[in-house]
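Residues per chain are reported as follows:
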Amino acid sequence: MNTVKNRTTRMVLTAVFAAIIIVMASIPQLGYINLGIISATTLHIPVVVGSILLGPQTGALLGAFFGLTSCIKATFAPNLTSFCFSPFIANGNLASLLVCFVPRILIGIVSPLVYRGMHFLLGKLVKKKEVTTLASLAVAGLAGSMTNTLLVMNLIYVFFIDLYAAATGYEAVYSAILVIIVSAGVPEAIVCAILTTAICRVMLPLVRQMR
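Scoring rules and cut-offs
Residues numbered from 1 in each chain as written. Predicted model: local features only at pLDDT ≥ 70, side-chain atom pairs only at ≥ 80, totals over all residues. Heavy atoms only, no water. Helix = DSSP H or I, 4+ residues; strand = E, 2+ residues; numbered from the N terminus. Rg over C-alpha atoms; globule rule 2.2 N^0.38 Å. Contact = heavy atoms within 4.5 Å. Areas by Shrake-Rupley, 256 points an atom, 1.4 Å probe, with all protein chains shown as cover. Lys, Arg positive; Asp, Glu negative; His and termini not counted. Charge placed at Lys NZ, Arg CZ, Asp CG, Glu CD. 1 Å grid on protein atoms, 1.4 Å probe; cavity = no way out; pocket = protein on both sides within 12 Å on 5 of 7 lines; lining within 4 Å. Points joined across faces, edges and corners; volume = space filled by probe spheres on them. Nonpolar A, V, L, I, M, F, W, Y, C, P; charged D, E, K, R; others polar. Axes fitted to C-alpha atoms, helices over the stretch in contact; angles between N-to-C directions. Parallel < 35°, antiparallel > 145°, perpendicular 65-115°, else oblique. Left-handed = near helix turned anticlockwise from the far one by under 90°.

Bringing the overall build of the protein chain into the picture now. Per the secondary structure count, the protein chain includes six helices and two strands. When the helices and strands of the protein chain are placed in sequence order, the string is α-β-β-α-α-α-α-α. Against the globule reference of 17 Å for 211 residues, the protein chain gives a C-alpha radius of gyration of 18 Å, in line with a compact fold. Its C-alpha atoms give the protein chain principal-axis dimensions of about 55 × 35 × 25 Å. Taking the contacts inside the protein chain whose residues are at least 6 apart along the sequence as the reference set, 70% of them involve residues at least 24 apart. With the model as given, the accessible surface of the protein chain reaches about 10,500 Å², and the carbon-plus-sulfur share is 72%. Averaging the positions of the 13 positive and the 4 negative side-chain charges in the protein chain gives two centres separated by 27 Å.

Next up, the structure:
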């Protein structure tokens, strides 16, 4: 009976987080924030939160949903570098799918593993359980967000360096990528850490009770 209840709870919560991702992606300047050359995103946040609450397998699925919305947006509402995320527009190819999906899937795997690892390590060092949980959530949020940013930007460099340079006009491509990582990726990670901590602090006990 408990197994059936757990499975049903997981399916319902997975559907809820998938719906959140789709809704956020559909609202202009919410899920994707157009910066001209590339879009900043907030869609990694429900992936991080969902993966911590439901585990890496569900997290990988939510990450795939994120990747799918990214591919759809790049195809139907492209910016200068959308070919990096969609094989269905000019200059896009199969590597676009790697850039689009692999980092996002890994968000959902890295975040819960970092949370569990930090919780285990800090649990041996810090007596207050609340402090351990909050610190672990914050680090997991940072790790999940930076997994996305670092992998996306470095895969773009590996697979699309010449096309990226031509599209943006930058000669020093990796310097431009570092600027994007610092100016967009770091704020994304900080926001993700704060929201992950706040949301999961409330949701973790509720999810445990529902199982």
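A separate point is empty space enclosed by the protein. One pass over the full model with this rule turns up one cavity of 30 Å³ or more. What the largest cavity holds in volume is close to 280 Å³. The wall of the largest cavity is formed by 22 residues, among which Ile 38, Ser 39, Ala 40, Phe 85 and Arg 104 lie closest to the centre. For the lining of the largest cavity, the elements supplying multiple residues, two or more each, are strand S2 (39–41), helix H3 (56–76), helix H5 (129–168) and helix H6 (173–210). Here the residues of the lining of the largest cavity sort into 10 nonpolar, nine polar and three charged.

Within the element layout of this structure, Asn 148 appears in helix H5. Setting aside residues up to four positions removed in sequence, Asn 148 forms contacts with Thr 41, Phe 66, Pro 103, Arg 104 and Ile 107.

A word on unusual backbone geometry. In this model, Gln 29 sits at a positive phi of 65°, which is unusual for a non-glycine residue. Counting through the fold element by element, Gln 29 comes out in the loop between helix H1 (2–26) and strand S1 (32–34). A positive phi is found at Asn 91, a non-glycine position, where the angle reads about 75°. Examined against the element boundaries, Asn 91 turns out to sit in the loop between H3 and helix H4 (94–125).

The subject of this paragraph is the packing of helix H2 (residues 44–54) against H3. Helices that pack against each other are described as a pair by the angle of their axes relative to one another and the distance between those axes. Where H2 contacts H3, the two axes come as close as 7 Å, and the packing angle between them is 165°. Between H2 and H3, the crossing angle belongs to the class labelled roughly antiparallel. The two elements H2 and H3 meet at a crossing, and its hand is right-handed. Listed contacts from H3 to His 44, Pro 46, Val 47, Gly 50, Ser 51 and Leu 54 of H2 are Pro 56, Thr 58, Gly 59, Leu 62, Gly 63 and Phe 66. Tallied by class, the residues present in the contact of H2 with H3 amount to six nonpolar, six polar and no charged.

Close contact between H2 and H4 brings their axes to 8 Å; oriented N to C, the two are set at 45°. Taken together, the axis directions place H2 and H4 in an arrangement best described as oblique. Note that H2 runs across H4; the crossing there is right-handed. Every residue of H4 that contacts H2 at His 44, Val 47, Val 48, Ser 51 and Ile 52 is listed here: Arg 104, Ile 107, Gly 108, Ser 111, Pro 112 and Tyr 115. Per-class residue counts for the contact of H2 with H4 are six nonpolar, four polar and one charged.

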